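Residues per chain, in single letters:
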Amino acid sequence: MQEKGTAQHIQHYADGTASVMRKVVVYGELRFYQRSDVLYQLTQVFCQRYLPRYGDRTVDQMVQAARSTKQNIAEGSTDGQTSAETELKLLGIARGSNQELLEDYRDYLKRKGMMEWFGVNERFDRLHRFCQEHSRWEDYQPITARMNDEELANMAICLCHQVDKALAKYIERKDREFTTEGGVRERMMAARLGQRETQRQIIERQAAEIAALREENARLKALLGKVIDASEQ
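This report concerns the structure included in the present document. Quick caveat, the model's predicted, so the values are computed rather than measured. (Residues numbered from 1 in each chain as written. Predicted model: local features only at pLDDT ≥ 70, side-chain atom pairs only at ≥ 80, totals over all residues. Heavy atoms only, no water.)

## Re the overall build of the protein
At step 1: For the protein, the helix and strand inventory stands at 7 helices and 3 strands.
At step 2: In the protein, the succession of α and β elements from N to C terminus is β-β-β-α-α-α-α-α-α-α.
At step 3: Looking at the protein residue by residue over its 233 residues, the buried ones come to 37%.
At step 4: Look at the contacts in the protein between residues 6 or more apart in sequence, and 72% of them connect residues 24 or more apart.
At step 5: Of the roughly 14400 Å² that the protein leaves accessible, carbon and sulfur atoms contribute 51%. (Helix = DSSP H or I, 4+ residues; strand = E, 2+ residues; numbered from the N terminus. Buried < 20%, exposed > 50% of the residue type's maximum accessible area, 1.4 Å probe, protein only. Contact = heavy atoms within 4.5 Å. Areas by Shrake-Rupley, 256 points an atom, 1.4 Å probe, with all protein chains shown as cover.)

What follows is the structure, given as structure tokens:
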């Protein structure tokens, strides 16, 4: 499918037929989605290692919040091909779940009397740089075995902040796209109008070609008549 530059950013199939579908977002390539997957894996490790398996709802809440962030980014990006409204709604839910997870990690540090790293802090600087430079679980998995609960919690908090910041910018961008491009109804109307315009242009071109052929036919007939007259004389 190729995209033609129209006011509504309507895409077209190879045969020129207009499409109401929006451009596909490959969510797996979004760095904030990759980091949300890291958070989901990291949260499971953290809960299994440092929270009681029974009698504490925090485990289920934290794992569910991490999963909700990741899944709603994926689902929102997929559904966004046909519905900008659904995409914005699910991305908003993802951001809310990420904030919930952030608060759970902060609460854990408070309960344990541990520090949340920020500001001028050598450990925070190293952690922040690592999280900025890496967004896939395979980069984090080898080091988690050596980290204690304070370090893991601060890593998760750092990732939550990065996911939230990226999601906020992404949602704003999608909101602006929705404002300028409209929802599926507006895109359907634009696609229909664009298709009608294409058909009108084809008809006009064919009419011009027919008229040109008629003129050429008349010219050839006249030329043939002159040749016949000349041969009879």
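Picking up after the structure, the text goes on.
## Here we look at the nonpolar core
At step 1: Ranked by internal contacts, the top residues of the largest apolar core, which has 45 residues, are Leu101, Tyr105, Met155 and Leu159.
At step 2: Of all elements in the fold, only helix 1 (31-50), helix 2 (57-79), helix 3 (84-111), helix 4 (122-133), helix 5 (137-144) and helix 6 (149-181) reach the threshold of two or more residues within this core.
At step 3: Counting residues per element, this core draws most heavily on helix 6, at 12 residues.
At step 4: When neighbours within four sequence positions are excluded, Tyr105 is seen to be in contact with Leu42, Thr43, Phe46, Met62, Ala153, Ala156 and Ile157. (Core = buried A, V, L, I, M, F, W, Y, C linked by side-chain atoms within 4.5 Å.)

## A word on the pattern of salt bridges
At step 1: Under the criterion given, the structure shown has 10 salt bridges.
At step 2: The partner of Glu216 in a salt bridge is Arg219, with the nearest N and O atoms 2.7 Å apart. You can see Glu216 and its partner Arg219 sitting in helix 7 (residues 184-232), 3 residues apart, about one turn around the helix.
At step 3: Each of Glu87, Arg173, Lys174 and Glu177 takes part in salt bridges that share partners, so that together they form one network. (Salt bridge = Lys/Arg side-chain N within 4 Å of Asp/Glu carboxyl O.)

## Some details on helix 1
At step 1: Taking 1.5 Å of rise per residue, 20 residues should cover 28 Å, and helix 1 covers 28 Å from first to last C-alpha, within 8% of that figure.
At step 2: Buried residues of helix 1: Phe32, Tyr33, Gln34, Arg35, Ser36, Val38, Leu39, Tyr40, Leu42, Thr43, Phe46 and Cys47, and no others. (Expected span 1.5 Å × (residues − 1).)

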